[in-house]
Amino acid sequence: MNLLLVEPEEAVESGLARVTGRKARHVARVLGKRVGDTIRVGELGGQLGEGKVERIDDDECWVRYAVDSSPPTPSPVSLILALPRPPMLRRILQHVTALGIKRVVLLHAARVEKSFWGSHSVTPDAIEDQLLLGLEQARDTVLPRVELRSRFLPFVQDELDTWAPTGARLVAHPDPQAKTLEPTTQPVTLAVGPEGGWVPFELDQLAALGFVAVSLGPRILRVETAVVASLGRLHVPP
């Protein structure tokens, strides 16, 4: 935790927060904070600043704080991600949030197990938990918007043009003919497939909408590795 992220229900009054549970334990046990110590604070959806611990134990932590600076600039990349296995999904959500991604669609694909959609990991609360961890890691306060689409074709044919109306469109695909990923400061939509990759039909559908195949090279990577490596290659921080 590099940021104590104050959610609306944790604000006792303006500039005073009471956090409990995981956050309080982390501040006390991992960060080793004591009364009078300072800590980086951010208001969820708002600004960043610094606070001072007024009271603390393993059950709760009271912090008096002031915020005066903006969160980091968001990434220009929007991500379409074929729904991965639940443990991998949890890690990826943290990674993409820490990297500043603000728009994500979790999409069904031919090589996605249908049972994944019944996992607790795709419930709104479980997704938000991972996003909050990503914000705390990166000292950010703005939650990404994560949408679920359990049918590939309706999303691609009926929604994608509206969802990604501007910018380049790229699809990650380990093909010798694929272009090499290059950094950009412009809006871009990146589609990353499941373990085993997109099937030809899916690639054709994406190509028909202007998606260009890109690659990180000849190595076959796990989805979470490919996502992080691709985002790191694409996004040039200002």
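The paragraphs below set out a description of the structure included in this document. Every value quoted in this text rests on a predicted model; they were computed, and no experiment measured them. (Residues numbered from 1 in each chain as written. Predicted model: local features only at pLDDT ≥ 70, side-chain atom pairs only at ≥ 80, totals over all residues. Heavy atoms only, no water.)

### Overview of the overall build of the protein chain
In terms of helices and strands, the protein chain carries six helices and 13 strands. Taken over the C-alpha atoms alone, the protein chain extends approximately 60 × 40 × 35 Å along its principal axes. Considering the protein chain as a whole, with its 238 residues, one finds that 46% of them fall into the buried category. Put simply, of all contacts in the protein chain between residues at least 6 apart along the chain, 71% involve residues at least 24 apart. Carbon and sulfur atoms make up 50% of the accessible area of the protein chain, which totals about 11900 Å². Computing the positive centroid from 27 side-chain charges and the negative centroid from 29, the protein chain places the two 4 Å apart. (Helix = DSSP H or I, 4+ residues; strand = E, 2+ residues; numbered from the N terminus. Buried < 20%, exposed > 50% of the residue type's maximum accessible area, 1.4 Å probe, protein only. Contact = heavy atoms within 4.5 Å. Areas by Shrake-Rupley, 256 points an atom, 1.4 Å probe, with all protein chains shown as cover. Lys, Arg positive; Asp, Glu negative; His and termini not counted. Charge placed at Lys NZ, Arg CZ, Asp CG, Glu CD.)

### Section: the side chain of K102
Tracing the backbone shows K102 in the loop between α2 (86-98) and β8 (103-107). For K102, a relative accessible area of 16% translates into the label buried. Engagement of the side chain of K102 in a polar contact is seen with the side chain of D140, the distance being 2.6 Å. At 2.5 Å, the side chain of K102 and the backbone oxygen of V142 are in polar contact. (Polar contact = N/O pair within 3.5 Å; in protein donor to acceptor, adjacent residues only side chain to side chain.)

### Considering the sheet that holds strand β3 (residues 16-20)
The sheet built from six strands is open, its strands ordered β1-β4-β5-β6-β3-β2 with mixed pairing. At either end of the open sheet lies a strand with only one pairing partner, and these are β1 (4-6) and β2 (11-13). Shown here is a sheet whose adjacent strand axes are inclined to one another by a mean of 40 degrees, direction ignored. Where β3 meets strand β6 (residues 60-69), five bridges bridge the pair, whose relative direction is antiparallel. Pairing of V19 across the sheet is with C61, part of β6. Sitting on the sheet, helix α1 (residues 21-30) touches β1, β3, β4 (38-43), β5 (48-56) and β6, and the angle it makes with β3 is about 95 degrees. (Pairing = 2+ DSSP bridges. Axes fitted to C-alpha atoms, helices over the stretch in contact; angles between N-to-C directions.)

### Regarding the sheet that holds strand β12 (residues 188-192)
Taking strand neighbours across the sheet as the criterion, the seven strands line up as β9-β8-β7-β12-β10-β13-β11 in an open arrangement whose pairing is parallel. Each of the sheet's edge strands pairs with one partner strand only, and the pair in question is β9 (145-149) and β11 (179-180). In the sheet, strand β10 (residues 168-172) pairs with β12 via four bridges, with the strands oriented parallel. Within β12, the position partnered with R169 by the bridge is T189.

### Examining the packing of helix α4 (residues 152-163) against helix α5 (residues 200-208)
Viewed as axis vectors pointing N to C, α4 and α5 meet at an angle of 5 degrees, and their least axial separation amounts to 11 Å. With respect to α5, the element α4 is oriented roughly parallel. Of the residues in α5, those in contact with F152, L153, V156, Q157 and L160 of α4 are F201, E202, Q205 and L206. (Parallel < 35°, antiparallel > 145°, perpendicular 65-115°, else oblique.)

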